[in-house]
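# Observations on the three-dimensional arrangement
Residues per chain, in single letters:
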Amino acid sequence: MEIFVYRKNAERVEEGFTANDLPSLLADESNVIWVDIVNKNEENSKEVKEILLNDFKFHPLTVEDCFETRNQPKIEAFPEYLYLIVHGIKPEETHPSNFVTKELDCFLGKNFVVTFRVEGFQSIKLVKQQIRNNTFSCQRGAAYLLHQILDQLVDLYMPVVDDFYEVINSLEDRVFLMKNSGNQVLEEIMDLRRSVSRLKRISSRQLDVLYRISHGEFPQIPASILPFFRDVHDHLQRISDLSENYRDLVNSLFDIHFSVTTNKTNDIIKFLTIFSAIWLPLSFIAGIYGMNFENMPELKTQNGYYFTLCLMALIAISLLIYFWRKGWILQGNEDYNEKESETK
Amino acid sequence: MEIFVYRKNAERVEEGFTANDLPSLLADESNVIWVDIVNKNEENSKEVKEILLNDFKFHPLTVEDCFETRNQPKIEAFPEYLYLIVHGIKPEETHPSNFVTKELDCFLGKNFVVTFRVEGFQSIKLVKQQIRNNTFSCQRGAAYLLHQILDQLVDLYMPVVDDFYEVINSLEDRVFLMKNSGNQVLEEIMDLRRSVSRLKRISSRQLDVLYRISHGEFPQIPASILPFFRDVHDHLQRISDLSENYRDLVNSLFDIHFSVTTNKTNDIIKFLTIFSAIWLPLSFIAGIYGMNFENMPELKTQNGYYFTLCLMALIAISLLIYFWRKGWILQGNEDYNEKESETK
Amino acid sequence: MEIFVYRKNAERVEEGFTANDLPSLLADESNVIWVDIVNKNEENSKEVKEILLNDFKFHPLTVEDCFETRNQPKIEAFPEYLYLIVHGIKPEETHPSNFVTKELDCFLGKNFVVTFRVEGFQSIKLVKQQIRNNTFSCQRGAAYLLHQILDQLVDLYMPVVDDFYEVINSLEDRVFLMKNSGNQVLEEIMDLRRSVSRLKRISSRQLDVLYRISHGEFPQIPASILPFFRDVHDHLQRISDLSENYRDLVNSLFDIHFSVTTNKTNDIIKFLTIFSAIWLPLSFIAGIYGMNFENMPELKTQNGYYFTLCLMALIAISLLIYFWRKGWILQGNEDYNEKESETK
Amino acid sequence: MEIFVYRKNAERVEEGFTANDLPSLLADESNVIWVDIVNKNEENSKEVKEILLNDFKFHPLTVEDCFETRNQPKIEAFPEYLYLIVHGIKPEETHPSNFVTKELDCFLGKNFVVTFRVEGFQSIKLVKQQIRNNTFSCQRGAAYLLHQILDQLVDLYMPVVDDFYEVINSLEDRVFLMKNSGNQVLEEIMDLRRSVSRLKRISSRQLDVLYRISHGEFPQIPASILPFFRDVHDHLQRISDLSENYRDLVNSLFDIHFSVTTNKTNDIIKFLTIFSAIWLPLSFIAGIYGMNFENMPELKTQNGYYFTLCLMALIAISLLIYFWRKGWILQGNEDYNEKESETK
Amino acid sequence: MEIFVYRKNAERVEEGFTANDLPSLLADESNVIWVDIVNKNEENSKEVKEILLNDFKFHPLTVEDCFETRNQPKIEAFPEYLYLIVHGIKPEETHPSNFVTKELDCFLGKNFVVTFRVEGFQSIKLVKQQIRNNTFSCQRGAAYLLHQILDQLVDLYMPVVDDFYEVINSLEDRVFLMKNSGNQVLEEIMDLRRSVSRLKRISSRQLDVLYRISHGEFPQIPASILPFFRDVHDHLQRISDLSENYRDLVNSLFDIHFSVTTNKTNDIIKFLTIFSAIWLPLSFIAGIYGMNFENMPELKTQNGYYFTLCLMALIAISLLIYFWRKGWILQGNEDYNEKESETK
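Residues numbered from 1 in each chain as written. Chains lettered and ligands numbered in written order. Predicted model: local features only at pLDDT ≥ 70, side-chain atom pairs only at ≥ 80, totals over all residues. Heavy atoms only, no water.

## Digging into the interface of chain E and chain D
- The partner chain D presents 57 residues to the 57 residues of chain E that form the contact.
- Regarding the contact of chain E and chain D, the summed buried area is about 5,100 Å², with carbon and sulfur atoms giving 58% of it.
- Taken together, the links from chain E to chain D amount to 5 salt bridges.
- The salt bridge involving Glu 76 of chain D is made with Arg 230 of chain E; its shortest N-O contact spans 2.6 Å.
- At the junction of chain E and chain D, the tally comes to 15 residue pairs in polar contact (both at pLDDT 80 or more).
- Secondary-structure elements contributing two or more residues to the side of chain E that touches chain D are α7 (157-177), α9 (226-288), α10 (297-300), α11 (304-325) and α12 (334-343) of chain E.
- Residue contributions to the side of chain E that touches chain D peak at 31 residues, all from α9 of chain E.
- Here the residues of the side of chain E that touches chain D sort into 26 nonpolar, 17 polar and 14 charged. (Contact = heavy atoms within 4.5 Å. Buried area = accessible area lost by both parts, 1.4 Å probe. Salt bridge = Lys/Arg side-chain N within 4 Å of Asp/Glu carboxyl O. Polar contact = N/O pair within 3.5 Å; in protein donor to acceptor, adjacent residues only side chain to side chain. Helix = DSSP H or I, 4+ residues; strand = E, 2+ residues; numbered from the N terminus. Nonpolar A, V, L, I, M, F, W, Y, C, P; charged D, E, K, R; others polar.)

See below:
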């Protein structure tokens with residue numbers, strides 16, 4: 001638990017307080033207090049719970065919600081404070097097309113912000129650096145401080161969203177090439193689909209929270225701070241729109257994959273048909289002259305054999321021409337490969 | 001019919017009353033009364049109906065609704081009481097991917113809760129244990145008692161929802177393997193689809209009921225109790241969102257199944273094509289030298305036979321190389337199986 | 001035209017009036033009057049029109065609407081009366097999976113209900129029996145009488161809806177078996193899809209009408225009667241939800257049909273491939289020893305023939321083993337049929 | 001430009017005025033004036049523009065909108081007048097499954113209606129006949145006159161909508177028969193899809209306009225006239241609903257077409273498989289006895305040849321029985337054709 | 001940075017001011033000032049930022065938004081000014097089926113318009129010419145000037161939208177012909193799908209902005225100017241509707257492509273089947289008479305050979321007739337090509 005206190009008169013940010021200092025700090029309304037609680041191994045859960053219940057006088061249900069870890073983004077107003085749950089994201093290390101979410105619980109009171117979390121947040125680290133360097137953010141009060149945290153958190157969505165774009169594009173290329181078996185590509189598409197719809201879900205719920213904040217629904221946030229929350233809302237709107245867009249793209253991938261497979265089947269069947277169509281009549285002719293009838297005059301002619309071979313060649317060539325004119329030969333995936341090599 | 005009465009002055013929960021005690025119990029407004037009616041074999045329907053109509057003075061229509069069993073979750077406000085229908089669920093024993101719902105009718109008055117049901121409810125059993133051990137729940141009044149019942153009921157949704165996730169995942173694996181006939185897997189997907197959409201429907205209707213309760217629409221529920229109902233609402237929201245999510249996953253399963261089938265057909269046709277493409281020309285050559293022309297000089301050469309066999313081998317090998325370069329050989333579902341064995 | 005009059009003082013329902021009695025009956029506000037007009041062959045259209053316009057003083061447009069037969073459910077409020085169009089349904093005799101709708105025009109005034117229709121209604125017949133036996137419904141006034149008619153009308157939706165469930169289930173079984181040609185099943189699915197979406201449309205429009213009535217939008221309906229209309233609304237809600245559900249099921253049927261066909265094609269192609277893969281190499285070997293080379297030492301050996309036959313058998317068996325290990329043999333639709341016979 | 005003036009005192013409709021009479025006619029508020037402007041070849045555009053701007057004092061933007069021809073239905077209120085754009089439709093002569101729309105601009109003032117159009121309108125012709133025969137429509141004022149025009153215009157949608165139904169049904173029959181190549185049918189389905197969605201779009205936008213008129217949003221239309229506009233709204237609602245319905249049907253057509261094609265492919269492959277399965281083993285047997293081994297005792301037996309022929313016949317018959325029991329023979333599209341001939 | 005000032009008393013537009021003149025120009029409320037800032041290489045970003053912050057006193061967040069380039073259309077109201085982001089589009093030079101968007105930031109104050117952009121805008125060039133020729137636009141004040149800019153910007157959407165229609169139509173023709181490999185067409189369809197959905201997104205967001213402006217939400221825009229913004233809104237509405245429409249068309253293209261591929265596969269398989277069905281039995285007969293049985297009386301007859309050839313011809317012809325009656329011959333894509341050549 002780290003406590004940051006901005007003293008208005010002193011115009012500086014102090015650190016190094018303990019839980020015991022909280023009651024007196026909170027009593028002084030001119031302070032801006034940020035209490036950042038990390039409950040990693042749930043070791044000091046009991047202690048933390050008491051601080052939240054007794055020092056801050058939060059509703060028991062919200063404190064319970066804090067310690068649950070499967071919550072969705074939401075905001076709830078209480079007479080003395082606002083309680084909101086937001087989610088940070090970061091790309092999963094092993095799968096670039098995937099991401100992990102982590103929950104951040106925030107409380108905003110008249111002169112304090114409490115952040116509660118189980119995992120590390122890059123965004124919170126950044127805000128801490130900021131306020132250590134510059135008291136500017138704290139001067140505007142607790143609501144502005146909360147805005148800073150949310151702003152950093154939302155900004156860290158962007159790299160994940162940009163990664164998705166890369167992954168979708170590279171997957172689309174692979175779908176068109178279809179070098180590997182379709183099933184593997186299929187699995188990756190499905191994984192991507194899940195990730196994108198998760199992103200959509202999380203960002204849209206969070207958008208809802210920010211919409212309510214930025215439209216002045218809560219008196220805890222002064223009107224002069226609203227434009228800043230509106231700004232965060234707009235950034236999140238952009239992310240939500242992009243994820244909506246990506247969902248369409250991934251669904252398209254599925255359709256493409258299916259069509260490419262069908263095209264490929266078509267090409268294979270075409271190949272089989274041409275092959276059969278050429279060899280079957282030739283074999284038939286060979287079969288004719290393999291018959292053992294006694295009276296087959298052609299068999300006795302001098303050039304019957306050579307003539308028959310020529311006939312066979314003629315039939316094969318005319319069939320090839322027929323298929324070429326029908327457009328079944330020299331199509332297939334050749335021209336696609338050409339096009340592809342051009343673009344390289 | 002079991003009757004629980006919490007006497008405010010005595011601060012304890014009493015049991016063992018009969019229907020005849022009800023009028024006097026209800027008259028004392030300081031009591032908190034819970035009447036739990038189980039109408040299993042409809043044996044004492046008439047008696048129960050009279051109690052509801054005369055002692056509690058419920059509207060005849062709501063009493064009729066109680067005895068119907070095909071209702072959907074709903075809430076109705078009357079001047080003297082609230083009437084709500086909610087549904088509990090439990091996994092079906094024979095099919096883990098399925099679940100059964102059972103209707104629970106609740107009435108909330110100033111100082112009483114009436115629960116009416118045809119089947120056993122795990123959640124009601126738990127609440128009974130609770131109030132026997134601890135009068136805490138009753139102290140807060142009838143509305144809080146109702147909250148306890150709904151809370152337990154909604155909590156029992158979670159295991160069913162978690163089961164779904166398992167079933168969907170295992171089914172997805174089987175779809176990708178496709179060891180069995182497609183039709184059997186298909187049937188299971190369809191069953192799952194139905195179950196998930198049932199879950200979605202039921203939870204979203206119930207969500208509606210809880211939304212209306214938790215947003216203070218009904219004066220029967222004091223403001224101090226609202227956050228507790230909001231908590232139940234949030235849990236149910238989570239379940240509803242998950243079932244929405246599962247519906248997407250199951251629909252994906254359908255698409256995957258279809259694509260896997262198509263990929264498989266593709267592989268089979270490829271196999272057929274390669275096989276035909278190799279044997280047809282070889283058979284043709286054998287056919288050529290099976291012709292009975294008198295003048296076929298090759299037939300008389302010493303090594304004609306061996307030469308022909310070599311030619312055939314050459315043709316077969318070049319065709320294999322051709323198909324290998326075209327990417328038709330050593331693809332198929334082999335690499336998928338490899339990948340799969342890696343993950344094990 | 002049948003006229004029923006409930007005389008408040010006499011507490012009984014009288015019948016047998018003619019159109020000429022209407023003005024005096026309507027003038028007595030203590031009467032509850034139900035005028036049921038059947039305009040089957042449009043023979044007395046002119047006469048009826050005059051009654052509606054002059055005796056009841058309905059707006060010319062609503063009277064015109066009455067005589068049209070292609071209206072959709074709607075409700076319109078006029079200062080002196082409510083005008084509503086509802087639809088009854090019954091299963092079509094020839095096709096159980098289909099239903100017919102028939103229009104019922106209702107007018108509700110201070111002390112009268114007018115029902116106008118072209119066809120017979122089972123529900124109206126039932127209400128007539130009711131009020132002949134029991135004046136209870138009439139005592140509560142015209143609005144309650146209207147509720148009785150709507151209630152009966154909506155109750156008669158239920159058997160049709162239940163029939164749909166049967167039809168969908170039996171069709172699903174047939175889709176999985178696919179004994180008949182796909183096209184016939186396909187046609188039935190399409191018919192069902194149309195019927196279900198018609199049901200959805202009609203019930204949801206009607207739901208709209210009942211929602212508006214039951215939420216107290218119209219002052220013609222006293223507050224004490226509203227719960228009864230809410231009850232009808234809930235029943236209709238259930239029907240609307242079920243038809244929504246059925247629409248999903250029928251759409252699933254379509255998907256299943258398509259997948260089953262694809263699976264079947266897959267099986268057939270597999271069969272073809274196995275067959276070709278076995279016979280083609282065997283024929284090739286026969287072709288080899290059918291060549292007429294002079295120097296083919298195998299031909300002269302004592303057991304060459306038997307040896308060749310053994311070789312052929314060996315090849316056939318190894319190919320069968322290969323396909324069996326690849327999982328192409330003993331799959332297909334056999335195991336599905338087995339499963340099916342189990343369930344019988 | 002035709003001008004109709006209904007003189008209240010004279011109770012008759014006069015014609016034959018010129019643009020110069022307009023200022024004096026408009027000045028007399030007891031007149032009901034209808035100015036119908038046809039701007040076919042844009043010859044007198046300038047003159048018309050001046051009349052609209054100076055005599056009627058319309059906003060320059062609305063006058064500009066008049067002369068544009070690619071507008072969508074809309075309604076705009078100005079202090080002195082209402083401006084609305086509606087669309088008439090008629091079936092295209094060459095393609096019955098298609099229709100053309102034409103724009104009609106209407107202005108409604110206190111005592112005048114102005115209609116402006118580039119093309120001929122059947123509906124306007126009908127209203128002109130009406131008011132020549134009968135001054136009834138004019139007596140109710142300008143708003144009622146506008147209603148008459150809109151009513152006729154919407155009524156002329158109905159034949160087009162009914163035509164669609166015919167076209168969809170006949171196309172469905174052709175899809176099931178699939179006598180022609182699929183591509184031609186496909187093109188017609190696509191054309192139909194476009195037409196239907198155009199109809200949906202136009203009718204729903206128009207519905208919007210009429211909804212706003214008929215719900216009393218504009219004070220220019222007296223309350224007593226509102227039910228008449230509501231009537232037009234209901235008719236249009238019906239058309240909009242039907243076109244929604246048709247869109248579903250056309251989308252179904254697409255699905256059916258696809259399934260019928262798949263069924264057909266299935267049948268063809270089945271045929272190919274049966275054919276190959278029968279001839280391949282027979283050819284193999286013939287190949288066996290075509291081998292040139294010296295020691296093949298069967299070749300020397302008296303009835304070896306006949307015995308072999310019998311064996312072949314036996315194999316063929318058992319295969320046919322096998323396929324027949326598997327249900328691959330005597331299915332296909334035969335039974336569908338039978339069914340079809342029955343229905344004729 | 002270009003500054004245009006319309007002096008009310010002088011009734012002319014002056015140019016050639018520098019940033020230093022701004023404070024005095026803004027102070028005179030009778031001026032109408034347009035400051036057009038092009039920030040191409042971000043060279044004078046700092047200077048521009050100061051002008052916006054100090055001279056115009058814009059909120060720091062809006063100034064920051066200006067310098068970001070990935071914003072979506074939006075509008076924000078501040079007490080002293082309106083801030084809006086709109087997007088212009090132009091066709092991409094290399095791909096006609098694609099387009100580029102560029103951001104335009106506009107500020108509207110009491111007597112000024114500020115436009116800020118990174119790229120060149122055809123629309124702004126046009127408005128500059130207009131106001132140089134004609135002071136009319138400026139006389140109506142800053143809001144009208146803003147309307148002029150937006151109007152031109154939206155008008156330049158139209159050619160892009162019209163291009164789309166061409167591209168979609170030509171692509172549809174190519175899909176039906178399917179001369180090239182399906183994959184290339186597929187890629188173009190996907191590209192088009194993306195472009196169209198981008199267009200839809202951008203236009204609908206912009207529509208939102210214009211809706212809010214044109215419905216009088218912002219007091220900065222006088223009521224007399226609102227109809228002009230409504231006009232721009234209607235134009236944009238049209239574009240948004242068209243892009244919605246195009247999206248449907250492009251999705252149809254996808255479906256068509258898939259169906260055409262399936263039809264083609266069907267034709268190829270049909271071809272293969274007919275071919276196999278004819279040659280397999282003929283080869284079998286040749287195989288029969290290629291057997292080496294000693295006792296095969298037919299072989300010794302005089303005309304056995306010719307008779308056999310006739311038999312083969314007979315079989316081939318009857319099979320052809322069978323297929324022709326089954327409708328498998330002379331169908332395929334021939335009749336489509338015919339139809340196509342007719343339309344040329």
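## Thoughts on the sheet that holds strand β3 (residues 32-38) of chain B
All names here are of chain B.
- Pairing within the open sheet is mixed, and its 7 strands lie in the order β2-β1-β3-β7-β6-β5-β4. Edge positions in the sheet fall to β2 (12-14) and β4 (74-77), since each of these pairs with one other strand and no more. Averaged over neighbouring strand pairs, the angle between their axes works out to 20° when direction is ignored.
- Against the sheet, helix α3 (residues 60-67) engages β4, β5 (82-91), β6 (99-108) and β7 (112-117), with an angle of about 155° to β6.
- This element, helix α7 (residues 157-177), spans β5 and β6 of the sheet and lies at about 40° to β5. (Pairing = 2+ DSSP bridges. Axes fitted to C-alpha atoms, helices over the stretch in contact; angles between N-to-C directions.)

## Considerations on the relation of the copies chain E and chain A
- For the pair chain E and chain A, the relating rotation is 71°, the translation along its axis is 0.1 Å, and the fit reaches an RMSD of 0.1 Å. In symmetry terms, the pair is related by a five-fold rotation axis. Proximity to the rotation axis, assessed at the C-alpha, singles out Gly 290 of chain E in chain E; its C-alpha lies 4.7 Å from the axis.
- Little of the interface of chain E is mirrored in chain A, where only 19% of its interface residues are also at the interface. (Least-squares fit on C-alpha atoms with pLDDT ≥ 70 in both.)

## Description of the interface of chain E and chain A
- Contacts between the two partners involve 54 residues from chain E and, on the opposite side, 57 residues from chain A.
- Between chain E and chain A, roughly 5,100 Å² of surface is buried when both sides are summed, and carbon and sulfur atoms account for 58% of that area.
- Linking chain E with chain A are 5 salt bridges, by the criterion used here.
- There are 15 residue pairs in polar contact (both at pLDDT 80 or more) connecting chain E and chain A.
- Elements with a minimum of two residues in the side of chain E that touches chain A: α3 (60-67), β4 (74-77), α8 (182-214), α9, α10 and α11 of chain E.
- The element that contributes the greatest number of residues to the side of chain E that touches chain A is α9 of chain E, accounting for 18 residues.
- Residue composition of the side of chain E that touches chain A, by class: 22 nonpolar, 17 polar and 15 charged.

## Some details on the arrangement of the chains
- The two units chain A and chain D never meet; even their closest C-alpha atoms stay 9 Å apart.
- For the non-touching pair chain C and chain E, the nearest C-alpha separation works out to 9 Å.

## Re the sheet that holds strand β2 (residues 12-14) of chain C
Residue and element names in this part refer to chain C.
- The mixed open sheet is built from 7 strands, whose spatial order is β2-β1-β3-β7-β6-β5-β4. Of all strands in the sheet, those bounded by a partner on one side alone are β2 and β4 (74-77). Averaged over neighbouring strand pairs, the angle between their axes works out to 20° when direction is ignored.
- As paired elements, strand β1 (residues 2-7) and β2 share 3 bridges and run antiparallel to each other. Within β2, the residue paired with Val 5 across the bridge is Glu 14.

## Thoughts on the pattern of salt bridges
- In total, this model carries 95 salt bridges over all chains according to the counting rule given.
- As a salt-bridge pair, Arg 7 of chain B and Glu 14 of chain B come within 3.3 Å of each other at their nearest N and O atoms.
- The class for Arg 7 of chain B is partly exposed, based on a relative accessible area of 23%.
- Among the ionic pairs, Glu 15 of chain B bridges to Arg 132 of chain B, the shortest N-O distance being 2.8 Å. On the criterion of sequence distance, the pair formed by Glu 15 of chain B in the loop between β2 and α1 (22-27) and Arg 132 of chain B in helix α4 (residues 122-133) is long-range, its members being 117 residues apart.
- Judged by relative accessible area, which is 43%, Arg 132 of chain B ranks as partly exposed.
- Each member of the salt-bridge network shares a partner with another, and the members are Glu 2, Glu 15, Asp 36, Arg 117, Lys 128 and Arg 132 of chain A. (Buried < 20%, exposed > 50% of the residue type's maximum accessible area, 1.4 Å probe, protein only.)

## Remarks on unusual backbone geometry
- At Lys 57 of chain B, a position not held by glycine, the phi torsion is positive, near 55°.
- Here Lys 57 of chain B shows up in the loop between α2 (45-55) and α3.

## Concerning the packing of aromatic side chains
- As enumerated under the stated definition, the model contains 125 aromatic pairs over all chains in all.
- Taking 6.3 Å as the distance between ring centres and 50° as the angle between the ring planes, the aromatic pair formed by Phe 275 of chain C and Trp 279 of chain C counts as tilted. Placement of both Phe 275 of chain C and Trp 279 of chain C in helix α9 (residues 226-288) is noted, with a separation of 4 residues, approximately one turn of the helix. Like Trp 279 of chain C, Phe 275 of chain C is buried.
- Aromatic pair Tyr 305 of chain D and Phe 293 of chain E: ring centres 6.3 Å apart, planes at 50°, arrangement tilted. Of this pair, Tyr 305 of chain D sits in helix α11 (residues 304-326) while Phe 293 of chain E sits in the loop between α9 and α10, on two different chains.
- For Phe 293 of chain E, a relative accessible area of 5% corresponds to the buried category.
- Among the aromatic residues, ring-to-ring pairing joins Phe 56, Phe 58, Phe 78, Tyr 81, Tyr 83, Phe 107 and Phe 112 of chain A into one connected group.
- A cation over a ring is seen here: Lys 102 of chain B above Phe 121 of chain B, with NZ or CZ 5.0 Å from the ring centre.
- Cation over ring: Lys 49 of chain D sits above Phe 67 of chain D, and NZ or CZ is 4.9 Å from the ring centre. (Phe/Tyr/Trp six-rings, centres within 6.5 Å; stacked < 30°, edge-to-face > 60°. Lys NZ or Arg CZ within 6 Å of the ring centre and 35° of its normal.)

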